[in-house]
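Coordinates in review
Residues per chain are reported as follows:
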Amino acid sequence: MLNSVWIIAITWLAVIFILSLPIADCAAQDDYYNLIDDTFADYRKDVRPVTDDTNATEVSISFYLLSIVDLDEKNQVLTTSVTIQLEWIDEWLVWSPSSYGGIQHLRYPQDMLWLPDVIVANSVESQTQLGYKESPCMIDYEGRVEWKPSEILETSCDMDVTYYPFDEQKCSIILSTWMSPYTEIDLLFDADVADVVLNRYSPSGTWELVSTDLQSIPDEDELSRVQYNFRLRRLSTFYVLNIIVPILLLSMTASSVFILPAESGEKIGMSMTVLLAFAVYLTIISENMPQTSLQVSILSVYLAILLGICGLSVFMSVFVLHLHHSPHEQPVGTKTTNLTRKLRKVLCTGHKHYSSRKDDAENTDGSSGIQIKKTRSLLDPLE
């Protein structure tokens, strides 16, 4: 009997303790409906949400670089995948969480809210609103709105291809208000983020991101502007293997044309093949270069010089073959002789060297009875 009394007493004490606990607020579906109806009943998205129109709306910006999609050297266009986070205070979107089941945050489509008219100032595409209509914005009970549109941006980038393919490029993305002056919308960098955010960055296979920085641009036309700068270095392994090494091998091949004997009949064919190969490489490089005369690639200049040298080697091969196949009785001209002797002096080939040609010989050999005529050739020793 005593045990039963104790069990009943303990049970009642447990029930009283549970009933005395505070009931936690739990938002129901009706609370969200009431919050949206009350908050957006008189809301106008086409009017800047401030109670005092003399106060500027401060927009805090954080820039997330996701990847470098492409850098078009010819058109000088940088394509990037980014997320831009913008935060501001909407003084008309303020409520008391206790009146709506403890709701502190609300997601709402960007198309239904006032948004700052922020655009990419150096975009090469037509200017449009960032994000898309169904993109949600996060609103807290104090009126702070967080908007994070993701975009594929195509922006202009002045290229310097002087040291292509070992070049570095400096590109930038400029965010600006479209029509609102800085007295109405003031673009600011997020105080908690001192640089471009790279925690979700995916490296490119063509460009290495060397460094980033940000700066405020002095107000132009009373517009507020911020600029994000990127320093990119080209990954040159692909270009070394597919362009630099073949060009060096071709340049060595071009000089071997003069080693090839005239009797082989391939001097002209080899010279023309190397000449066309240089022309093809020069065309490939020119197609990837900007059509400008402000900067010229050193590699293009080098190829143009090699192309000229190969053209000269074709002319010299033709001249050598012309002399080789000319009649043996035809005397060599004075100008040709003097030019050859000067070249021999320059090239230090003035040692004794005699040419014996069967058809040039007409002197009588006592043992065989063959007449051999000794004629002077261009390669005879200098007097």
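Every chain is numbered independently, its residues counted from 1 as its sequence is written. Where local features are concerned, this predicted model is filtered to residues with pLDDT of at least 70; where side-chain atom pairs are given and counted, the filter is 80 or more; whole-chain, interface and lining totals use all residues. Calculation of side-chain values draws on the structure's entire complement of heavy atoms; hydrogens and water are dropped beforehand.

Structural notes on helix H3 (residues 237-255)
Residues spaced three or four apart along an α-helix point in a common direction, a consequence of the helix completing one turn every 3.6 residues. By definition, any uninterrupted DSSP run of H or I lasting at least four residues is a helix, any uninterrupted run of E lasting at least two residues is a strand, and each is numbered from the N terminus. Multiplying one less than the number of residues by 1.5 Å gives the expected span of a helix. Look at H3: 27 Å from first C-alpha to last across 19 residues, which is about the 27 Å you get at 1.5 Å a residue. The sharpest bend along H3 measures roughly 30 degrees and falls at Ile244, with the proline Pro246 sitting one to four residues further on. Taken residue by residue, H3 has Tyr239, Ile243, Ile244, Pro246, Ile247, Leu250, Ser251 and Ala254 as its buried positions. Pairs of residues are marked as contacts when any of their non-hydrogen atoms sit within 4.5 Å. Tucked into the core, H3 has its buried residues touching strand E11 (223-234), helix H4 (267-288) and helix H5 (298-324). For a residue, the bend is simply the angle between two axes, fitted respectively to the seven-residue segment ending there and the seven-residue segment starting there. Only protein chains enter the accessibility calculation, which uses a 1.4 Å probe. A residue is then buried if its area is under 20% of the maximum for its type, exposed if over 50%, and partly exposed in between.

Some details on the nonpolar core
We define a nonpolar core as any set of buried Ala, Val, Leu, Ile, Met, Phe, Trp, Tyr and Cys residues linked to one another through side-chain atoms lying within 4.5 Å. Of all hydrophobic cores here, the largest spans 66 residues; its most connected members are Ile61, Phe63, Leu113, Leu175, Phe230 and Phe278. What Leu175 contacts, discounting residues up to four positions off in sequence, is Ile61, Phe63, Ile84, Val118, Ile119, Val120, Leu187, Ser224, Arg225, Val226 and Tyr228.

Some thoughts on the pairing of E11
Burial within E11 is extensive, with nine of its 12 residues counted as buried. For two strands to be treated as a pair, DSSP must find no fewer than two bridges joining them. With 10 bridges joining them, strand E8 (residues 168-181) and E11 adopt antiparallel strand pairing. Note on E11: the bridge partner recorded for Lys170 is Arg231.

Considering the packing of H3 against H5
Angles shown run from 0 to 180 degrees and are taken between the N-to-C directions of axes, each axis being a line fitted to C-alpha atoms and, for helices, limited to the stretch in contact. Between H3 and H5, the least distance of the axes is 11 Å, while the angle of their chain directions is 20 degrees. Judged by the inter-axis angle, H3 sits roughly parallel to H5. In this structure, H3 meets H5 at a crossing whose hand is left-handed. Each of Ile243, Ile244, Ile247, Leu248, Ser251 and Ala254 in H3 lies in contact with H5, whose residues at this interface are Leu299, Tyr302, Leu303, Leu306 and Cys310. Oblique is the label for any angle not under 35 degrees, not over 145, and not in the 65 to 115 range, which are roughly parallel, roughly antiparallel and roughly perpendicular in turn. A crossing counts as left-handed when the near helix is turned anticlockwise from the far one by less than a right angle, and as right-handed when that turn is clockwise.

Let's talk about the pattern of salt bridges
By salt bridge we mean one thing: a side-chain nitrogen of Lys or Arg within 4 Å of a carboxyl oxygen of Asp or Glu. Applying the stated criterion to the full structure yields nine salt bridges. Connected through shared salt-bridge partners, Glu168, Glu208, Arg231 and Arg233 make up one network.

Comments concerning helix H2 (residues 29-39)
Restricting attention to buried positions, one finds in H2 the residues Asp31, Leu35 and Thr39. Within H2, the buried residues cover an arc of 50 degrees as seen down the axis, which keeps them to one side. Opposite the buried face of H2, by more than 90 degrees, sit the exposed residues Gln29 and Asp30. If you follow the buried residues of H2, they end up packed against strand E3 (105-109). Starting at the helix axis, one direction is taken to each C-beta atom, and the arc is that of these directions.

Brief notes about the packing of aromatic side chains
Aromatic rings from Phe, Tyr and Trp, with only the six-membered ring used for Trp, were paired whenever their centres fell within 6.5 Å, and each pair was classed as stacked if the ring planes differed by under 30 degrees, edge-to-face if by over 60, and tilted otherwise. Applying the stated criterion across every chain yields a total of 10 aromatic pairs. Ring plane angle 85 degrees and centroid distance 5.4 Å describe the contact between Phe238 and Tyr239, whose orientation is recorded as edge-to-face. Take Tyr239: its relative accessible area is 12%, and that puts it in the buried class. Site record: aromatic cluster; members linked through ring pairs are Phe40, Tyr43, Trp92 and Tyr108.

Observations regarding the environment of Ile268
Along the polypeptide, Ile268 turns up in helix H4. On the basis of relative accessibility, which here comes to 28%, the residue Ile268 falls in the partly exposed class. Spatially, the C-alpha atoms of Ile268 and Val314 are 6.4 Å apart, while their sequence positions differ by 46 residues.

A closer look at the state of the cysteines
By disulfide we mean two sulfur atoms from cysteines, separated by a distance within 2.5 Å. According to the stated counting rule, one finds one disulfide in the structure shown. Disulfide pairing is shown between Cys157 and Cys171; the S-S distance is 1.9 Å. Here the S-S torsion is close to -70 degrees, and the disulfide linking Cys157 with Cys171 is therefore left-handed. Of this pair, Cys157 sits in the loop between strand E7 (150-156) and E8 while Cys171 sits in strand E8, and the two are 14 residues apart along the sequence. Here the two residues Cys157 and Cys171 agree in accessibility, since each one is buried.

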